[in-house]
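# Analysis of the macromolecular model
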Amino acid sequence: MKNAVLATMAGDAQYGLIENGALGIVNGKIDWVGTGATAPERLTTESAVVDCNGMLITPGLIDCHTHLVHAGDRAAEFERRLQGAGYEEIARSGGGILSTVNATRAASIDQLIEQSAPRLDRLMCEGVTTVEIKSGYGLDTDNEIKILQAANALAQSAGVRLQKTFLGAHALPPEYAGRKDQYIHLVCSRMLPAAVRAGVVDAVDAFAAGIAFSLEQVRRVFAAARQHNLPIKLHAEQLGHLGGAKLAAEMGALSVDHLEYLQPEEVGVLATAGTIAVLLPGAFYFLQETKLPPVHALRQYQVPIAIASDCNPGSSPLTSLLLAMNMACTLFALTPSEALQGVTINAAKALGLDQRIGSLEVGKEADLVLWNTANPAALSYNLGLNPCQGVMIGGQWQSRGKINYPENCNETQPNR
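First, a word on what this report is: a plain description of the structure on this page.

The rules behind these values
- Residues numbered from 1 in each chain as written.
- Predicted model: local features only at pLDDT ≥ 70, side-chain atom pairs only at ≥ 80, totals over all residues.
- Heavy atoms only, no water.
- Helix = DSSP H or I, 4+ residues; strand = E, 2+ residues; numbered from the N terminus.
- Rg over C-alpha atoms; globule rule 2.2 N^0.38 Å.
- Buried < 20%, exposed > 50% of the residue type's maximum accessible area, 1.4 Å probe, protein only.
- Contact = heavy atoms within 4.5 Å.
- Areas by Shrake-Rupley, 256 points an atom, 1.4 Å probe, with all protein chains shown as cover.
- Pairing = 2+ DSSP bridges.
- Axes fitted to C-alpha atoms, helices over the stretch in contact; angles between N-to-C directions.
- Phe/Tyr/Trp six-rings, centres within 6.5 Å; stacked < 30°, edge-to-face > 60°.
- Lys NZ or Arg CZ within 6 Å of the ring centre and 35° of its normal.
- Lys, Arg positive; Asp, Glu negative; His and termini not counted.
- Salt bridge = Lys/Arg side-chain N within 4 Å of Asp/Glu carboxyl O.
- Polar contact = N/O pair within 3.5 Å; in protein donor to acceptor, adjacent residues only side chain to side chain.
- Parallel < 35°, antiparallel > 145°, perpendicular 65-115°, else oblique.
- Nonpolar A, V, L, I, M, F, W, Y, C, P; charged D, E, K, R; others polar.
- Core = buried A, V, L, I, M, F, W, Y, C linked by side-chain atoms within 4.5 Å.

## Notes on the overall build of the protein chain
- When helices and strands are tallied, the protein chain shows 16 helices and 15 strands.
- Rg of the C-alpha trace for the protein chain: 21 Å, near the compact-globule value of 22 Å for 416 residues, within the 12% margin.
- When the backbone C-alpha atoms are referred to their principal axes, the protein chain occupies close to 70 × 45 × 45 Å.
- By the burial criterion, 60% of the 416 residues in the protein chain qualify as buried.
- Taking the contacts inside the protein chain whose residues are at least 6 apart along the sequence as the reference set, 68% of them involve residues at least 24 apart.
- When the accessible surface of the protein chain is totalled, it reaches about 15,900 Å², and 47% of it is carbon and sulfur.

Shown next as structure tokens:
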């Protein structure tokens, strides 16, 4: 590939930018990156070379926090919130996560795939090449596994890279009302081991909150994850301060996510542990939150910041990672460069995949996006305009048959 503006997201320069760049791909991996003037002759003479006509190439976007596979919606709760009901009030009255649990338990695996496929299509249409999908809407062994199996089938059909995260400790199912400790014992002793045996778990997550689980209960879940050599993540400091981010970092978590109520003095623990801060501006916006995450402290301690859609039916029904980038800039005052880092290399770090994806570097997977712009800041700037011209995963351009490209995408996808 030649005559491109490369936002490599590597090195010290902003965006890792290379003007008049060229990129070589061999056997699905990046073989060469640099300027066109210094490119090997094969990159400019082979018949398979794509002339990018000065357009932008970035790494494939990574949505590192989603609850994409579920049944039903919660539009009625959206109306209730607009009439003054709070998120916790709705959850305590039997709505919230449990309403999605009921719909998801009632759905077959084929129904879950059918309902979830359009959400994945929209993400991929905007350049998402890797997506993390959590369970957490089954809350029993069979249904948690069903969700992760549906995610696996969905990703294989679409050709997208997938990370599967077990979130059995998402909420308390109705049959365990008043028995949180007993449910956590079930999660640790039966549900997680069964999911591991089924081969559908890459990481373990939990929700630390007053309406969910205590720090001690989360600690038990993380200890069980360690027994299976699985990395851990945590929904932390979303609805109030509980100290979950500090606990997760001390236990070596890959990431802590949400973080509106993270205390600035706790940020140093994340830096020491190498834990990634995942900000979810869609949930902040949708829930009309006013408490901002401590972005200044995260920068001060050089904690990598990732951005994700948090695609879910209750607090972030968002299927646009580009819009999440814009929200991160307008709501959290991130720069466009930080936003793009947040959905590429830092999102890869949040999934433990930064040695394979997230930047345009020799040896990494050839996951990339061709954009109809030369300015990487445009990806955070536009609202509703999708400049995606082509999506490559593992060295293969993705076909229109797998992705529902909108009208503004190029009718003819590039051929390698």
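## What about the sheet that holds strand β5 (residues 61–63)?
- In spatial order, the strands read β5-β6-β7-β8; together these 4 strands make up an open sheet with parallel pairing. Taken across any chain shown, the strands that pair with only one partner, and hence form the sheet edges, are β5 and β8 (203–206). Each adjacent strand pair in this sheet contributes to an overall mean axis angle of 25 degrees, direction not counted.
- For β5 and strand β6 (residues 128–134), the ladder comprises 3 bridges, and the chain directions are parallel. Opposite L61, over in β6, you have V128 as the bridge partner.

## Structural notes on the packing of aromatic side chains
- Within the structure shown, the criterion is met by 4 aromatic pairs.
- Geometrically, the ring pair formed by Y183 and F213 is stacked, given 6.2 Å between the ring centres and 20 degrees between the ring planes. Of this pair, Y183 sits in helix α7 (residues 180–197) while F213 sits in the loop between β8 and α8 (215–227); the two residues are 30 residues apart in sequence, bridging distant segments of the chain. As far as the burial class goes, Y183 and F213 line up, both buried.
- Of note, R179 hangs over the ring of Y176, and the distance from its end group to the ring centre comes to 4.4 Å.
- Positioned above the aromatic ring of F213, the side-chain terminus of K180 is 5.8 Å from the ring centre.

## A look at the side chain of E126
- Topologically, E126 is positioned in the loop between α5 (109–125) and β6.
- R122 provides the closest opposite charge to the buried, unpaired E126, separated from it by 5.8 Å.
- Of the polar contacts made by the side chain of E126, one reaches the backbone nitrogen of L321; its length is 3.4 Å.
- Setting aside anything within four residues of it in sequence, one finds E126 in contact with L61, S320, L321, L322, W371 and N386.

## So, the sheet that holds strand β13 (residues 368–371)
- Within the open sheet, the 7 strands sit side by side as β3-β2-β1-β4-β13-β14-β15. Their pairing is mixed. Edge positions in the sheet fall to β3 (29–35) and β15 (396–397), since each of these pairs with one other strand and no more.
- Strand direction decides the pairing type here: strand β1 (residues 4–7) and strand β4 (residues 56–59), joined by 2 bridges, are parallel. From the neighbouring strand, V5 faces β4, where its bridge partner is L56.

## Side note on the pattern of salt bridges
- Counting across every chain of the model gives 14 salt bridges.
- Salt-bridge contacts for R220 lead to D181; the nearest nitrogen and oxygen are separated by 3.3 Å. One end of the pair, R220, is in helix α8; the other, D181, is in helix α7, and 39 residues separate them in sequence.
- Residue classification places D181 among the partly exposed residues on the basis of a relative accessible area of 43%.
- In this structure, a network of salt bridges that share partners links the residues K29, R161, R356, E365 and D367.

## What to know about the pairing of β1
- The alternating pattern of β1 places A4 and L6 and V5 and A7 on opposite faces, both of which are buried.
- Bridge count for β1 against strand β2 (residues 17–26) is 3 bridges, and the pairing is antiparallel. For L6, the partnering residue across the bridge sits in β2 and is I18.

## A closer look at the environment of K134
- Residue position: K134 is located in strand β6.
- With a relative accessible area of 0%, K134 lands in the buried category.
- Taking C-alpha positions, K134 is 14 Å from G199, a pair spaced 65 residues apart along the chain.
- Non-local contacts of K134, meaning those with residues more than four positions away in its chain, are made with H65, T66, H67, I147, L148, T165, L167, D205, K233 and H235.
- A polar atom in the side chain of K134 sits 2.6 Å from the side chain of E132.
- Here the side chain of K134 touches D205 through a polar contact of 2.8 Å, side chain to side chain.

## Things to note about the packing of α7 against α8
- Contact pair α7 / α8: the axes reach a minimum separation of 10 Å and the direction vectors enclose 10 degrees. With respect to α8, the axis of α7 lies roughly parallel. Only Q217, R220, V221, A224 and A225 of α8 make contact with α7, whose side of the interface consists of K180, D181, I184, H185, V187, C188 and L192.
- Partitioned by chemical class, the residues of the contact of α7 with α8 number 7 nonpolar, 2 polar and 3 charged.

## What to know about the nonpolar core
- Formed by 106 residues in total, the largest nonpolar core has its most connected members in V69, Y183, V201, L234, L279, L298 and L340.
- No other element matches α7, which puts 9 residues into this core.
- Not counting chain neighbours up to four residues away, the residues in contact with Y183 comprise L139, G168, A171, L172, P173, Y176, M191 and F213.
- Core analysis: the second largest hydrophobic core is formed by 17 residues, A4, I18, L23 and L360 among them.

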